[in-house]
Every structure is written in structure tokens, then in C-alpha cells.
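Summary of structural features
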Amino acid sequence: MGEELMAKKNKQTSVAGKRHSGGAVGKNKGASIREPDALSEARQRLLQATSAQEIAAAAKQMLHIDPACVDAWRCLAPLQLDAGKSEEALISFSRALRIEPDDEKLLEHYILHALTQEYYFDALCAARHWVDVAKEKPVTATKLLAGLYGLLGKPVLSAEWGLASASIQPLASSDASEKPRLSVLVLGTQDNVPYHYDHSQRQVMINEGHNNLMHMVDRGSISIHSLSVDAAQEQPEVLKQLPEIDVVYNSITDAGRCEEALKKAKKICNKLKLPVINPPQEVLRTTRAENAERLGECEGLLMPKSVSLGRVKGDISQPVREAIANNGMKAPVIVRPSGYQNGRHMYLIDKPESTPVSISDEAEVYVLQYHDVTFTDARAPGHRFHPKYRAFMVGGKLYPAHLRMGHDGDWNVHGEETRKAFRKFPWLYDAEKDFIENPAAHFESDAWENLEKALQILDLDYFGVDFAVCTEEENAGKVVVFETNASMRSFLRQTYQNTPENDAALDIVLAAHRMFCKRAGVSEWDFEPPRGLEGPAQEHDFEADPADPTVTHVLFSGDLQGHGFREWLWHELHKHNLKGWLRNLADGRVEAVVAGSKAAVEHLLKDPKGPEGASIENVDRERWTGAVPQGVRVHETVDEPVGVTTETAEA
């Protein structure tokens, strides 16, 4: 029997013995009975069991004698999970809880497995009870409850329970797991900021009002001490409990949603008199209105005019029309409330005179002038593209992050719009790669240099900017800044390793690491940042850039085009640590040249599945003696495949 099974069995049987010590059944303070001899004998067999089968048999025998035997249900549930019987395990945990409803370990197990089965309301109700009885993990229980309220669309309740968790534990410390080199105090808030349970990562997170930088620092060498500024105001003695701190990182990033929290953070920073990254007083100055005022006069920038309607609710059609008329704006305009990320609750109004506009929850609402940044491309006749670039300022230097793209009316550009555009036009990956590798050369004008110089005015150490280049005749070549603030998040962990976007995210994290060291006055050290998603290259340890690569010319045939096959192949090349180029052929085939380690090439081509909807009927391949590809590129469609000995101009 393996060590894992032994450990699980020992844990289960120790609990079983404890629950029925003295022979009494249950924990009722009132009536009790003597345990039947047969049940005691079955319990003894459970304690002596040495395999999963023996544990299951003993537990089932106990339930045959007493169907309300909590220890049997408790022992049976993990075995059912191991056997892939999730529904049965959840029922077993539920029955154990009906007998011992205040058992914290049972509650935690039940909630986690209910979430796995997406029984969110069941998990919420159990978490609410856990908070009431929690003694061992009160902070965990309260944060989880806050996260579940956020998941179920109850942001006010989520924020309130978040504040409750902070009052229990105002200061949470996570010491460096290896040699400590740096001690960072991280200031955060739960006021007006809902938690959210992330089902994919099984974590409770705050997605609004903060960024995710501290999730990507060197946890082996950096001790992180997280302080709630809300709780610190109510419990000022907590500041006296702080360990030695090298630098303060203000992780509160939203000047609109978190104004009061930023004021509290400013007071704390003034008291501590330590170096501060992203000083609260500077974050407070990054409202849309002040950004427009400070950056509006910078050379080469076009800041969309921004008018605040104040805090409003209900039908705001008339205030929107008045804002347009009184401030020299013209349709189309964008209407959006402050404090929301990822384009949520943002609307483009083409005809304000006849379009009703309303907002359900009270919020500060802005009306912004829309500027055209769309463009056309000869490779996609009849289509228009709406780009949105992202970059990060770190320590006064601008770093490219990624390119997002909408097309044919998708102006509110985020992940879904980008996936549709890149799937249909995979040469957009080449455009993103060009931007990441040489942003200054990517733009025809001095857009990159002008943007970097302008953003230095904001006096922040780490923040993001979303932008594009204007294509309106009167403003052509100017940089339109859609948004710039410290709330923007890195997608390092959500992108595959070896892709241009993942490489760019790594550069930004390493730049932030150097900036932290410099501000704290400590010597830099090398560390491996968290990496992105793993593919076959990591699973099989395929060599990157071998000295003598295998280079193969490939012709894929079948039902391929129109199903995103080129985009799929682009991703597979990166996932396999391969270089190459690919393109459609007029007869429906897809041609490619792939280069890299022999093992990686064989793994890719042995039995490729293709994307959903595609059907690969045949894979013809020959040794390629032309130019060896140095990157991954998507070429234009041609009528005939190239000869295998012909060198291509853009290999």
C-alpha cells in the first residue's frame, strides 16, 4: 500500500477511535446508549485495516449495523472521491454533517467538494454555518463566505464579510520559504471591494481595486506582511506588531472605488516613514478626470475628454445628453461607471438623442469622447480591426505586454473579442509579436516614445496603460489612451510558456523585482518567476533551440480551413518549443515548416488532433533543406505549396 493511502487511513482511523471513545455513540450531551458489540468489532476492523478495500468494507459494515455512524460516513467519503464517485462522496460528507454539524473539518471538506460539483448555494449555506462555529480557521471560513457571496453576485455582502475577516486578522504574514532577503508590507483594503471565489484556481481572490503583482514575486526570498488599512484604523495597535520592513507596497489601486481606503493608506505610510511603491497620494491622482488633465497636453497623446456625471442611479439619458452638449463632445460617446474592470458596464452610444441610458446601482458615471482607432488590412478585405495595446510602466520604463483585437464592430475589446479575431485572422499573432519584440518600430510615428515620456508624469512605480493609435484624419498618429491606472493585471499565469505574451509578462515581473530591490536598498538576486501554463514541451522536456534542429516540411489535408486550424497550429508550435511558419493553400490544405528537437517534431506530427470542428485526413512530410525558421509566423494564402528545397524570404 502506498504512503498516501497509509497516511489517509491513519488519519481516518484515528478520528474514528476518537469519536467513539468510551463506547458512547455520538456527542449528544443528553441521552446516550452503549455501542452494540457488533459495531465495536467493526470499528476495530476499521482501525486495523491496511488497504482501501479493507477500510471500505469495515465502514460499510458499520453502516449496516448503524446507518447513522458518523465515523463510517467520514471514512467512506474520501475513498469515494479516490474512486471518482464525487456525487456519492458529497452525499457521505453531507450525512456526516447532519450528525455532527459543527465539525469544522467536515464542513471544510463538504464545502470544497460541493464547489467542485458547482453546488454553489449548498456551499454558501454551509460556509455561513462554518463562520458561526469556526474556532480553528475563522479567517479561512469568513473569507470563503465572502468569496462565495461574490461568486453569486452579492458584492455588498461579499465586501462586508471581507471586512469581517480583516477585523479578525488585520495583519497576515507569509515568511520567505528559503533565505529571506526582503521584507515587504503590502497595504490592502476590503472596503467596497468584493471578494470572488475563483472556481478554476480554487482560491478566494479580490479582483477589483487591486492588481495581482504580489502573486508573482519571489516567495522564496521575500517575506510578505499583508495589512488591511480598514482594520488598522480600527485597531491602531496592529502597527506596533509589524516586523522589520524594508519597503511598503500599496496594492490599493482604484482612485474612484477605493478613495477612502487610499486616504487611510496614506496616513499609515506617513506614520511608518518607509520607502513606498505606488504612494497612495499618487494613486489618488489617477482618476479619469485628472489623468485627462495631466496627460492631455503631452506631445503626441490624445486623451479622450471625460466628464463625470457624479454619483447617479436610474435613467441618466438627459444628463448624458447635457454632458455632450455642454462640453463640446460629439457622438459617438462611451458611458461607463467607475470602479469596474474588463469593460464591464461600458456602452457605446451612437445616437444619444434617442438612446435611453440607465444604471441600476448607484455609481459615479463618466461620459467619454470616442475616438476612432480602427484600421483595415489587405490580408482581410472587407474587415475593420479595433486594436487595444497594453503596456506596463515599471520604475519609469515602459514595457510591452500584449495586443488585444476586435473586428467588425467589436469595439469593447477584451478576451472573447480577441479570441474570435485571432482565430479568424491568425496573422494577428505576428502583429503582437512585432509589438512585443520592438514596440518603437511597430508604430509608424513616435507613438511609443511619446507615450513613455508622458506616463512618467504620473509618479507611480508600477501601473498599466491600454492604448491605440488614432486613425481619425485630424488626429492621425496620436496615441489614444483608453485607460491608465495601477489596477491592471498581468496574465503571466494564464498564458502558455514560450509564447510572446508570456515572455513579455516575464520581463515585466523581473523588472518589478529589480524595482523592489532598488527601492528597498537591497542587492538584486536572480530568481525564477512563476511560469505560465505548461504544454508538451514542459511535460516531455523538449529542448528549445537545439544546435542541430530537425526541420520538416508538412502538408496537412482534410477539413481544416474555417475551423481555426492555423491558430491551433501556431499555439502547438509554441507549446512544443518549435519554430516554424504556416499558411493556407487555395485547395484547402495547410502548409507548414516546423523546426526544433526531433522528439518535439515527432510528438506534434505523430497523431495531431487539430481544433474542434477540424478533421485531419493526412499528414505528408518531407525533410526540409531550405532556410530554418527562426520564429513562428503565419504567411498569406498561396495557390501551391513551396518546393521543399526552396528557401523562403521570411523563414
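All values derive from a computational prediction rather than experimental measurement.

1. A word on the overall build of the protein
Helices and strands together make up the secondary structure of the protein, namely 22 helices and 21 strands. Once the C-alpha set of the protein is aligned to its principal axes, its extents read approximately 90 × 65 × 60 Å. Within the span of the protein, comprising 651 residues, buried residues form 53% of the whole. Of the contacts formed within the protein by residues at least 6 apart in sequence, a portion of 69% connects residues at least 24 apart. Taken as a whole, the protein presents about 30,800 Å² of accessible surface, with 47% of it coming from carbon and sulfur. The protein carries 74 positive and 96 negative side-chain charges, and their two centres are separated by 6 Å.

2. So, the environment of Phe542
The residue Phe542 is located in the loop between α20 (536-540) and β17 (550-559) in this model. Taking the C-alpha atoms as reference, Phe542 lies 8.9 Å from Lys598; in sequence the two are 56 residues apart. What Phe542 contacts, discounting residues up to four positions off in sequence, is Pro536, Ala537, His576, Asn577, Ser597, Ala599, Ala600 and His603.

3. Topic: the sheet that holds strand β21 (residues 632-634)
With mixed pairing, 5 strands are arranged side by side in an open sheet as β20-β17-β19-β18-β21. The sheet is open, and its two borders are formed by β20 (615-623) and β21, each paired with just one other strand. Looking at each pair of strands side by side, their axes are set apart by 15° on average, direction ignored. Bridge count for β17 against β20 is 8 bridges, and the pairing is antiparallel. What sits directly across from Thr552, in β20, is Arg623. Contacts between helix α21 (residues 565-575) and the sheet are confined to β17, β18 (579-584), β19 (590-596), β20 and β21, with β18 contributing the most and set at about 175° to the helix.

4. Remarks on helix α3 (residues 52-65)
Over its 14 residues, α3 runs 20 Å from end to end, which matches the ideal 20 Å to within 8%, given 1.5 Å per residue. Buried within α3 are the following residues: Ile55, Ala56, Ala58, Ala59, Met62 and Leu63. The buried residues of α3 occupy an angular sector of 165° when projected down its axis, which confines them to one face. Opposite the buried face of α3, at more than 90 degrees from it, the exposed residues are Gln53, Lys60 and His64.

5. Side note on the nonpolar core
Core analysis: the largest hydrophobic core is formed by 127 residues, its most contacted members being Ile111, Leu187, Leu227, Leu455, Phe467, Phe556 and Leu569. The element that contributes the greatest number of residues to this core is helix α7 (residues 120-133), accounting for 8 residues. Contacts of Leu569, omitting those with residues within four sequence positions, involve Phe556, Leu582, Ala592 and Leu604. Within the second largest apolar cluster, 31 residues are counted, among which are Val217, Ile277, Ala401 and Leu506.

6. Side note on the pairing of β19
The element β19 is largely enclosed, with a buried count of 7 among its 7 residues. Side chains Val590, Ala592, Val594 and Gly596 of β19 all project onto a buried face; the interleaved residues Glu591, Val593 and Ala595 project onto the opposite face, where all are buried too. The pairing of β18 with β19 spans 6 bridges and is classified as antiparallel. Note on β19: the bridge partner recorded for Trp581 is Val593. Adjacent in sequence and paired antiparallel, β18 and β19 are bridged by 5 residues, among which Gly588 carries a positive phi angle near 100°.

7. Focus on the packing of aromatic side chains
Given two aromatic rings, one states the distance between the centres and the angle between the planes to describe the pair. With the rule as written, the count across this model stands at 19 aromatic pairs. Plain terms: the ring middles of Phe435 and Phe467 are 6.4 Å apart, the flat faces sit at 65° to each other, and that makes the pair edge-to-face. Of the two residues, Phe435 sits in helix α16 (residues 428-437) while Phe467 sits in strand β15 (residues 462-469), which places them 32 residues apart along the sequence. Here Phe435 matches Phe467 in class, with each residue buried. Linked through ring pairs, Tyr389, Phe435, Phe443, Trp448 and Phe467 together constitute an aromatic cluster. We note Lys397 situated over the ring of Tyr399; from NZ or CZ to the ring centre the distance is 5.5 Å.

8. Quick notes on the pattern of salt bridges
In the structure shown here, the tally under the stated rule is 30 salt bridges. Its salt-bridge partner being Asp103, residue Arg74 comes within 3.3 Å of it at the nearest N-O pair. In this pair, Arg74 sits in helix α4 (residues 70-82) while Asp103 sits in the loop between α5 (86-99) and α6 (104-116), placing the two residues 29 residues apart along the sequence. Neither Arg74 nor Asp103 differs from the other in exposure class; each is buried. The salt bridge involving Lys579 is made with Asp545; its shortest N-O contact spans 2.6 Å. Placement of Lys579 in strand β18 and of Asp545 in the loop between α20 and β17 is noted, with a sequence separation of 34 residues between them. Owing to a relative accessible area of 23%, Lys579 belongs among the partly exposed residues under this scheme. One salt-bridge network, held together by shared partners, links Glu35, Arg43 and Asp71.

Cut-offs used in this document
Residues numbered from 1 in each chain as written. Predicted model: local features only at pLDDT ≥ 70, side-chain atom pairs only at ≥ 80, totals over all residues. Heavy atoms only, no water. Helix = DSSP H or I, 4+ residues; strand = E, 2+ residues; numbered from the N terminus. Buried < 20%, exposed > 50% of the residue type's maximum accessible area, 1.4 Å probe, protein only. Contact = heavy atoms within 4.5 Å. Areas by Shrake-Rupley, 256 points an atom, 1.4 Å probe, with all protein chains shown as cover. Lys, Arg positive; Asp, Glu negative; His and termini not counted. Charge placed at Lys NZ, Arg CZ, Asp CG, Glu CD. Pairing = 2+ DSSP bridges. Axes fitted to C-alpha atoms, helices over the stretch in contact; angles between N-to-C directions. Expected span 1.5 Å × (residues − 1). Arc of directions from axis to C-beta. Core = buried A, V, L, I, M, F, W, Y, C linked by side-chain atoms within 4.5 Å. Phe/Tyr/Trp six-rings, centres within 6.5 Å; stacked < 30°, edge-to-face > 60°. Lys NZ or Arg CZ within 6 Å of the ring centre and 35° of its normal. Salt bridge = Lys/Arg side-chain N within 4 Å of Asp/Glu carboxyl O.

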